[in-house]
Amino acid sequence: MKRISLLIAISFLMFLPGFSQAQLAVLRDNGTGNPILTNAYREVKGSPYFEEFKMGTILLPNGQTVEGLQIALNAFENTMEYKLEGTLFSYSPEKIAGFKYDSESGEKVEFTSEFTIPTLGKKRFMRVLEKGKYTLLLHQYKLMMDDVSATYGAQSAKAFQNQEEFFIVKDGSVYLFKNKSKDLQQIFGEDAARANSIIKEQKLNLKSQADISRLIRQLN
């Protein structure tokens, strides 16, 4: 993939169709005069992000990459967001190919928007856990729900709630991963018997990300 300079990339991003400023206001810090961000969800318990902003790489549809930006996944809005001069900008999955960054533990984290989720009929940013004959994707998102821990009588208290689903990509088709015999047969076909054998012999918990990744890694 080809890299392009940050200044050219910013111009390219800002004039792409679908570019938008995220729901934040730009204020001025009285001490420095620098722009600062205000949170549109300050009344909601929790954060719309799973991880804080990190230096990462944006993957463009034409194969080029943009580096040197602070980026994060807004799991409530399902947008890739980046910071520039105190303002927050966002892109939907239809406008970029994905993004990647290093987690706090040093793990390489990559998200793709290549695939349409069959349960939603639309593209989402999904984390790539395994690649190969079977590609394992994790769809992490957040819902805004009533805050069950709020004090009785509190006015419309809301909180972000974490959600996740796993998907398997095989021969270009995307399948929701379920631990049921008929679903495993549909996904893995001739490998279904081997998959069931691995699950039983290694006592895999197919609600565990680590165990699902382990299964797919062995099948690949």
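The structure we're discussing is the one just above.
To keep things clear, this report deals only with the structure shown in the data block.

Rules of the game
- Residues numbered from 1 in each chain as written.
- Predicted model: local features only at pLDDT ≥ 70, side-chain atom pairs only at ≥ 80, totals over all residues.
- Heavy atoms only, no water.
- Helix = DSSP H or I, 4+ residues; strand = E, 2+ residues; numbered from the N terminus.
- Buried < 20%, exposed > 50% of the residue type's maximum accessible area, 1.4 Å probe, protein only.
- Contact = heavy atoms within 4.5 Å.
- Areas by Shrake-Rupley, 256 points an atom, 1.4 Å probe, with all protein chains shown as cover.
- Core = buried A, V, L, I, M, F, W, Y, C linked by side-chain atoms within 4.5 Å.
- Phe/Tyr/Trp six-rings, centres within 6.5 Å; stacked < 30°, edge-to-face > 60°.
- Lys NZ or Arg CZ within 6 Å of the ring centre and 35° of its normal.
- Pairing = 2+ DSSP bridges.

### Some points on the overall build of the chain
Scanning the chain from terminus to terminus reveals four helices and 17 strands. Every one of the 220 residues in the chain was classed for burial, and the buried ones make up 41%. Partitioning the intrachain contacts of the chain with sequence separation of at least 6 by distance along the chain shows that 52% fall at a separation of at least 24. When the accessible surface of the chain is summed, it comes to about 12600 Å², and 48% of that surface belongs to carbon and sulfur atoms.

### Side note on unusual backbone geometry
If you check the backbone angles, D171 has positive phi at about 55° while not being a glycine. Unusually for a residue other than glycine, K203 sits at a positive phi of about 50°. On the secondary structure map, K203 appears in the loop between α3 (192-201) and α4 (209-219).

### Considerations on the nonpolar core
One finds F177, F188 and L215 to be the most contacted residues of the largest nonpolar core, which totals 20 residues. Listed by contribution, the elements that provide at least two residues to this core are β15 (135-146), β16 (158-170), α2 (181-188), α3 and α4. Among all residues touching F188, those that are not within four sequence positions of it are Y134, K170, F177, A195, I216 and L219. If you look at the next biggest cluster of nonpolar residues, it comprises 16 residues, including I71, Y82, I96 and V109.

### Some details on the packing of aromatic side chains
Under the defined criterion, the tally for this structure stands at six aromatic pairs. Ring centres of Y49 and F53 lie 5.3 Å apart, and the angle between their planes is 65°; this geometry places the pair in the edge-to-face category. Ring geometry for F99 against F111: centres 4.9 Å apart, planes inclined by 15°, an arrangement best described as stacked. With F99 in strand β10 (residues 98-102) and F111 in strand β11 (residues 108-112), this residue pair connects regions lying twelve residues apart in the sequence. In terms of burial, F99 and F111 fall into one category: buried. Three or more aromatic residues link up through ring pairs in this structure, and these residues are F99, F111 and F125. Cation over ring: K83 sits above F53, and NZ or CZ is 4.4 Å from the ring centre. When the ring centre of F50 is taken as reference, the NZ or CZ atom of K142 above it lies at 4.8 Å.

### Regarding the pairing of β16
Pairing geometry for strand β5 (residues 44-45) and β16, over two bridges, is parallel. Note on β16: the bridge partner recorded for K45 is A159. Sheet analysis places β15 next to β16, joined by twelve bridges and oriented antiparallel. Across the sheet, the residue bridging to K142 is N162, located in β16. In this structure, β16 lies alongside strand β17 (residues 173-176), joined through four bridges in antiparallel fashion. By the bridge assignment, I168 is partnered in β17 with Y175. Taking the residues that link successive antiparallel strands as the turn, the β16-β17 hairpin has two residues, and the phi of D171 there is positive, at about 55°.

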